[in-house]
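Spelled out, the chains give:
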Amino acid sequence: MAIRPTSSRVTSAASTRVSAVSTAITAPPAGLGKGDSGPKVKQLQDGLVKLGYLTKAQAATGPGTFGSLTEGAVKKFQAANKLPTTGFYGEQTAAALKKALGKPPVQTPPTQPGKFTKPAVISAPSPNADSRNGTDIDTIVLHHTGSNNGRGDLAWMRNPQSKVSANYMLDTDGKIYQIVGDEKRAWHAGKAELHGVPTDVNARSIGIEIVNDGSGKTPFTDAQYKALTQLVGYLKQEYKVPANNILGHKDVAVPKGRKDDPAENFDWNRLRKGIGG
């Protein structure tokens, strides 16, 4: 008589494991395009939402329907993975999605509450920088790159002819590239002012470029928000940057309206909550 409850517990545990496996988000088979509908399209949308290329709200407008939003998300995923941006979910895109969904989540190093360590960065030095001439860092300026092509954006900021750069660039997968050392003056803000007072913003700031086309429709990825929170939290702490000096390019550019980055869909509340103000 004691065997039946044990068997029941084993069955229940097995069912739980099966359920957990069955609810895992996986890549659907290739061969989906605009106009298709059904559970495979819903599976594709779930994968794109998990990776940050489609928001839950966007997916909810047409669950299981391959419309313009899903096509746009597929194109963004293709661009981020250096694939032809056709918007069609073919064999190459399916293989890339399967690989991306199979990766373990990025683990950030443990820190003490309210303390940040510098996140891992990839060195990609640019010649487009000069001296801060002794100016202390007291500002952080966020930008969007204006495209979804991280490789191209990085190459442009490292090209001497571009005459532009930033201290850091965050790609869509959360990788952080250090283009100009913190001690150097990167060329990112142009003619600018701080809280209405004309000043050399480049000399006193850290510039961070976030790979995003700036349309206001392309989501900033979850990986970008996590990496940005760690990076900005560290920089704020390291250089004692006041919370009101963590700004977007649109907040410092002169004349007003000259710049609009980061795009209107950038979640400032998420960042400020993550860094503690």
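Not measured: the values here are computed from a predicted model.

Q: Give me the sheet that holds strand β5 (residues 176-178): which residues, what numbers.
A: The strand order across the open sheet formed by six strands is β1-β5-β4-β9-β3-β10, and the pairing between neighbours is mixed. A single partner strand is all that each edge strand has here, and the edge strands are β1 (122-123) and β10 (246-248). Judged from the three bridges that link them, strand β4 (residues 168-170) and strand β9 (residues 205-210) form a sheet pairing that is parallel. In the sheet register, Met169 faces β9, and the bridge partner there is Glu209. Relative to β9, helix α8 (residues 222-239) is tilted by about 175°, and along the sheet it contacts β3 (139-144), β4, β5, β9 and β10.

Q: An account of the packing of aromatic side chains is requested, with residue identities and associated values reported.
A: Under the counting rule described, the total for this entry stands at five aromatic pairs. One aromatic cluster in this structure is built from Phe220, Tyr225, Phe266 and Trp268.

Q: Provide a residue-level description of the packing of helix α2 (residues 39-51) against helix α5 (residues 91-102), including the pertinent values.
A: Two elements in contact, α2 and α5, have axes whose closest approach is 11 Å; the angle formed by their N-to-C orientations is 50°. With respect to each other, α2 and α5 are oriented oblique. Along this stretch, α2 crosses α5, giving a crossing that reads as left-handed. For the pair α2 and α5, the contacting residues are Leu44, Gly47, Lys50 and Leu51 in the first and Leu97, Ala100 and Leu101 in the second. Within the contact of α2 with α5, the residues separate by chemical class into five nonpolar, one polar and one charged.

Q: Describe in detail helix α10 (residues 268-275), supporting the description with residues and values.
A: Two residues of an α-helix separated by three or four positions point the same way, owing to the 3.6 residues in each turn. Looking only at α10, the buried set comprises Trp268, Leu271 and Ile275. Buried residues in α10, looked at end-on, bunch into an arc of 65°, giving them a common side. Exposed and oriented more than 90 degrees from the buried face of α10 are Asn269 and Lys273. The opening residue of α10 is Asp267, an N-cap whose side-chain oxygen sits 3.2 Å from the backbone nitrogen of Asn269. Gly276, located one to two residues past α10, shows a positive phi value of around 85°.

Q: Residue-level account of the environment of Gln161, with values.
A: Here Gln161 lies in the loop between α6 (150-157) and β4. For the pair formed by Gln161 and Pro127, sequence separation is 34 residues and the distance between their alpha carbons is 9.9 Å.

Q: Residues and numbers for α2, please.
A: Between its first and last C-alpha atoms α2 spans 19 Å; for 13 residues at 1.5 Å apiece the expected length is 18 Å, and the two agree. Within the span of α2, buried status applies to Val41, Leu44, Gln45, Gly47, Leu48 and Leu51. All buried residues of α2 lie within an arc of 160° about the axis, which places them on one face of the element. Close packing links the buried residues of α2 with α3 (56-60), α4 (68-80) and α5. Immediately downstream of α2, the backbone of Gly52 shows phi near 90°, a positive value.

Q: Run through the pairing of β3, naming residues and quoting values.
A: Counting buried residues in β3 gives six out of six residues, a clear majority hidden from the surface. In β3, alternate side chains face the same way, and those of Thr139, Val141 and His143 on one face and Ile140, Leu142 and His144 on the other are all buried. Alignment of β3 against β9, held across six bridges, turns out to be parallel. Within the sheet, the bridge partner assigned to Thr139 lies in β9 and is Ser205.

Q: I'd like a description of the pattern of salt bridges, backed by residues and values.
A: The full count for this structure, using the stated rule, is eight salt bridges. A salt bridge links Glu71 to Lys34, with the shortest nitrogen-to-oxygen separation between them at 3.7 Å. Linking Glu71 in helix α4 with Lys34 in the loop between α1 (3-22) and α2, this pair joins segments that are 37 residues apart in sequence. On the accessibility criterion, Glu71 (19% relative accessible area) is buried. Residues Asp222 and Lys226 are paired through a salt bridge, measuring 3.2 Å at the closest nitrogen-oxygen approach. Residue Asp222 and its partner Lys226 are both found in helix α8; the two are separated by four residues, about one turn of the helix. We classify Asp222 as partly exposed; its relative accessible area is 30%. Residue Lys226 is classed as partly exposed on the basis of its relative accessible area of 44%.

Conventions and cut-offs
- Residues numbered from 1 in each chain as written.
- Predicted model: local features only at pLDDT ≥ 70, side-chain atom pairs only at ≥ 80, totals over all residues.
- Heavy atoms only, no water.
- Pairing = 2+ DSSP bridges.
- Helix = DSSP H or I, 4+ residues; strand = E, 2+ residues; numbered from the N terminus.
- Contact = heavy atoms within 4.5 Å.
- Axes fitted to C-alpha atoms, helices over the stretch in contact; angles between N-to-C directions.
- Phe/Tyr/Trp six-rings, centres within 6.5 Å; stacked < 30°, edge-to-face > 60°.
- Parallel < 35°, antiparallel > 145°, perpendicular 65-115°, else oblique.
- Left-handed = near helix turned anticlockwise from the far one by under 90°.
- Nonpolar A, V, L, I, M, F, W, Y, C, P; charged D, E, K, R; others polar.
- Buried < 20%, exposed > 50% of the residue type's maximum accessible area, 1.4 Å probe, protein only.
- Arc of directions from axis to C-beta.
- Polar contact = N/O pair within 3.5 Å; in protein donor to acceptor, adjacent residues only side chain to side chain.
- Expected span 1.5 Å × (residues − 1).
- Salt bridge = Lys/Arg side-chain N within 4 Å of Asp/Glu carboxyl O.

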